[in-house]
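Take a look at the letters that make up each chain.
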Amino acid sequence: MEFKKILITGGAGFIGSNFINHLLSKRDDVFIVNLDKLTYAGNLENLKPSEAKKNYVFIKGDITNNELVNYVFNKYNIKYVINFAAESHVDRSILGSEIFYRTNVIGTNVLLEASRRFEVEKFLQISTDEVYGSLGPNGLFTEKTPLAPNSPYSSSKAAADLMALSFSHTFGLPVIVTRCSNNFGPYQFPEKLIPLMIINAINDKKLPVYGDGLNVRDWIYVLDHNRAIETVLDHGKNGEIYNIGASNEKRNIDIVKLILDKLQKPESLIEFVKDRPGHDRRYAIDSTKIKSELGWKPIFAFEDAIFETIDWYIKNKSWWERIISGDYKKYYKTLYENR
Ligand code: NAD
Ligand code: TDX
């Protein structure tokens, strides 16, 4: 049988590992090469269900390493690329932006050049709704909304999107860009809102809510995002952009209260802290295009999925305790002390 030979970058992170586990659990027509630098956010424990599979291989390496990337394309005869690899956390991009531009911009360029050289059949750039900037109280981001990124993170992602689309336009590289809203689910690194609040609540620590807590994010369960990526991989049209979202707009404070309620912890744990600089007020995504053109739709209800996610963190203490006992402690102190 002919395998689809797919290079997945950043496959040891939260979304990439879920994508690999998902794809390998149901398909045997794919061969996956996972190239990941294993930064603080990369964790091979996330890939336990896939590691012994014959159609899976892991390579520790950096997407900015031109020589290595070319070696990987050549050795595995890569025909499909899904670029998840990124520095992904807005707060870290505010503390130091350089690595964001290095990985997210230069790294994407290295992958695009190699994809051109090796004539890949598909290049999926995994992007974010944050490239559209911030919404007022009304309206939704569509694929036609002008880009207006506000943080070093989102500007690096917007740059990568434009680079990928320019390779489609100029060289005919079969590029597709997906832009998804905020993901949640198991194995999410506890720097992001939902896992951070769950873990702090379990540990009876303060829950640091930025500003007035009324910023709105549009939440999607990670597996729904990855089902959409699979749909785009199989049926997406080259040169197109697809927004992905599940229409679950929530105010941060309401998410935090829901977590406390589910864990039966008091609201007195909530602490309003200094706002994030440049904090985007509201994200909300219109995913009509992927629904009507490719037939994807989300299948996980928000309330069920968040309760299951909370349960997962309760049951998988050892996964996150290893994380918060190490280097992450230093980061937490830098970000939240004197806030
Ligand atoms: P993550 O931070 O959990 O994982 C990123 C992975 O990339 C890690 O395994 C890390 O080791 C790897 N990586 C980082 N730099 C690398 C480099 N130079 N070379 C190779 N590997 C490198 O991020 P995530 O939440 O899984 O996000 C994955 C992708 O999805 C990112 O591109 C992000 O911008 C995008 N995205 C995320 C969300 C979200 O809510 N988390 C929403 C929309 C889009
Ligand atoms: O301690 C916190 N307190 C708080 O109030 C943290 C970590 C966050 N927040 C707020 C900031 C945001 O309004 O919660 C909201 C969500 O924050 P994050 O989880 O950091 O996500 P966000 O900044 O919205 O970006 C995320 O969604 C889009 C991902 O990190 C990106 O990778 C993705 O592209």
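Residues numbered from 1 in each chain as written. Chains lettered and ligands numbered in written order. Predicted model: local features only at pLDDT ≥ 70, side-chain atom pairs only at ≥ 80, totals over all residues. Heavy atoms only, no water.

Moving on to unusual backbone geometry. As a rule of thumb, non-glycine residues mostly have phi less than zero, and peptide bonds are mostly trans rather than cis. The phi dihedral of Asn-77 is positive, around 50°, even though this residue is not glycine. Tracing the backbone through its elements, the reader meets Asn-77 in the loop between α2 (66-76) and β4 (80-83). The backbone phi angle of Gln-264 is positive, close to 55°, even though this residue is not glycine. (Helix = DSSP H or I, 4+ residues; strand = E, 2+ residues; numbered from the N terminus.)

Between helix α6 (residues 193-202) and helix α10 (residues 302-315), the shortest axis-to-axis distance is 10 Å and the interhelical angle comes to 50°. As the angle between them shows, α6 and α10 are arranged oblique. Crossing hand, α6 versus α10: right-handed. For the pair α6 and α10, contact is made by Ile-194, Pro-195, Ile-198, Ile-199 and Ile-202 and by Ile-306, Thr-309, Ile-310, Tyr-313 and Ile-314, respectively. (Axes fitted to C-alpha atoms, helices over the stretch in contact; angles between N-to-C directions. Parallel < 35°, antiparallel > 145°, perpendicular 65-115°, else oblique. Left-handed = near helix turned anticlockwise from the far one by under 90°. Contact = heavy atoms within 4.5 Å.)

With that settled, the discussion passes to the site of ligand 2. Around ligand 2, the surrounding shell holds 23 residues, and the nearest of these are Glu-130, Tyr-153, Arg-276, His-279 and Tyr-336. Side-chain polar atom of Thr-128 to an oxygen atom of ligand 2: 2.8 Å apart, as the coordinates give it. When contributions to the shell around ligand 2 are tallied by element, the ones reaching two or more residues are α3 (90-95), α6 and β8 (207-210). Its residues placed into classes, the shell around ligand 2 shows 10 nonpolar, 7 polar and 6 charged. (Near = heavy atom within 4 Å. Polar contact = N/O pair within 3.5 Å; in protein donor to acceptor, adjacent residues only side chain to side chain. Nonpolar A, V, L, I, M, F, W, Y, C, P; charged D, E, K, R; others polar.)

Attention now moves to the sheet that holds strand β3 (residues 56-60). Taken together, the 7 strands give an open sheet; going across it, the order is β3-β2-β1-β4-β5-β6-β10, and neighbouring strands pair in parallel fashion. Whereas interior strands pair on both sides, the edge strands pair on one side only; in this sheet they are β3 and β10 (241-244). Neighbour-to-neighbour, the strand axes of the sheet open up by a mean angle of 20°, direction not taken into account. Of the pairings in the sheet, the one linking strand β6 (residues 175-180) to β10 comprises 4 bridges and is parallel in character. The residue of β10 that forms the bridge with Cys-180 is Ile-244. On top of the sheet, helix α4 (residues 98-117) reaches β1 (4-9), β4, β5 (122-128) and β6; it is set at about 160° to β5, its chief contact. (Pairing = 2+ DSSP bridges.)

Turning to the site of ligand 1, a few remarks are in order. Looking at ligand 1, there are 28 residues lining it, with Ile-15, Asp-36, Ser-88, Tyr-153 and Lys-157 nearest. Measuring from an oxygen atom of ligand 1, one finds a backbone N or O atom of Phe-84 at 3.0 Å. When ligand 1 sits alone it has 840 Å² of accessible area, and the protein chains cover 96% of it. Those elements giving two or more residues to the shell around ligand 1 turn out to be α1 (14-26), β5, α5 (152-171) and β7 (182-184). Examining the composition of the shell around ligand 1, we find that 3 residues originate from one element, β5, more than from any other. Each residue belonging to the shell around ligand 1 can be placed in one class, and the counts come to 12 nonpolar, 12 polar and 4 charged. (Areas by Shrake-Rupley, 256 points an atom, 1.4 Å probe, with all protein chains shown as cover.)

Purely geometric stuff here, so don't read any function into it on its own.
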